[in-house]
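# Chains, contacts and geometry: an overview
Okay, here's what each chain looks like letter by letter:
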Amino acid sequence: MAAAIPLSSLCGKKSIDFDICFYFVYCYETDGEASASSFSSAVDGYGGAAYTLEYGGRYYIAAACYYSYADAEAVCKNLNTLGVSCGALTAERKAYPLTTRNAIKQAKTYKGIITTLYELSTIIYACANGLDTGEYSSSAIKDIMQSVKKNLCFLTEQNEENCFYNLISQVLYRCDECIENTYSKYLRATQIAIADILLNITLT
């Protein structure tokens, strides 16, 4: 019987380097998913995303996601002034380990998916902000989200048998919700769902 080929010999690179950082405004934190979910309706009630995010072994009810700590902190201060208790969470990831032979084989594909998802998250973020400020109309949001959905559909069509497929499929349902109901809370929940994938996925 032939000896097993060490994973390290298949490829010199054992991880995909991709440095990301998100700053979440959250309104509840716990070590149990069930107890976190029970608070989501309250966050939804005042227009937050109400997304249950897992990070670092903790669960958070995330109301919004930003790309700078200063923005997240400013929103927290504003909400606290309004009587809403919240905090700012810094969530980052610097690399995606390639722990299986298939992951090594798919490394280039996975890097492309990660890049695309990150870019789409920033587009959705801009939509949510534009809707809140009045810069974007509901019609413009629908057009942009149709384009986002098209890109996500392409990713699912090209990656039906890898670790991203089911996760991206779930985001597609959120896109439909954004198109049918152009509220910023749905846009922010969709953006956070993508951030969730990027922060927590295990490449297989």
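Residues numbered from 1 in each chain as written. Predicted model: local features only at pLDDT ≥ 70, side-chain atom pairs only at ≥ 80, totals over all residues. Heavy atoms only, no water.

Further remarks concern the confidence of the model for the protein. Scored by pLDDT, the protein has a mean of 88; 85% of the residues are at 70 or more. Note that pLDDT drops below 50 for residues 1-10; the model gives that stretch eleven contacts with residues more than four away or on any other chain. (pLDDT = per-residue confidence, 0-100. Contact = heavy atoms within 4.5 Å.)

The next subject is helix 7 (residues 138-158). Its 21 residues place the ends of helix 7 30 Å apart at the C-alpha level, agreeing with the 30 Å of an ideal helix rising 1.5 Å per residue. Considered for burial, the residues of helix 7 that qualify are Ile141, Met145, Val148, Leu152, Leu155 and Thr156. For helix 7, the arc enclosing every buried residue in end-on projection is 95°, short of the 170-degree limit, so these residues lie on one face. Projecting away from the buried face of helix 7 at angles above 90 degrees are the exposed residues Asp143, Lys150, Glu157 and Gln158. The inward-facing, buried residues of helix 7 abut helix 6 (107-133), helix 8 (165-180) and helix 9 (184-200). (Helix = DSSP H or I, 4+ residues; strand = E, 2+ residues; numbered from the N terminus. Expected span 1.5 Å × (residues − 1). Buried < 20%, exposed > 50% of the residue type's maximum accessible area, 1.4 Å probe, protein only. Arc of directions from axis to C-beta.)

To continue, consider the pairing of strand 3 (residues 58-66). Summarising burial for strand 3: eight of the nine residues are buried, a large majority. Bridging between strand 2 (residues 51-55) and strand 3 involves five bridges; their strand directions are antiparallel. The residue bridging Glu54 from the neighbouring strand is Tyr59, located in strand 3. Count of turn residues in the strand 2/strand 3 antiparallel hairpin: two residues, of which Gly56 carries a positive phi of about 60°. (Pairing = 2+ DSSP bridges.)

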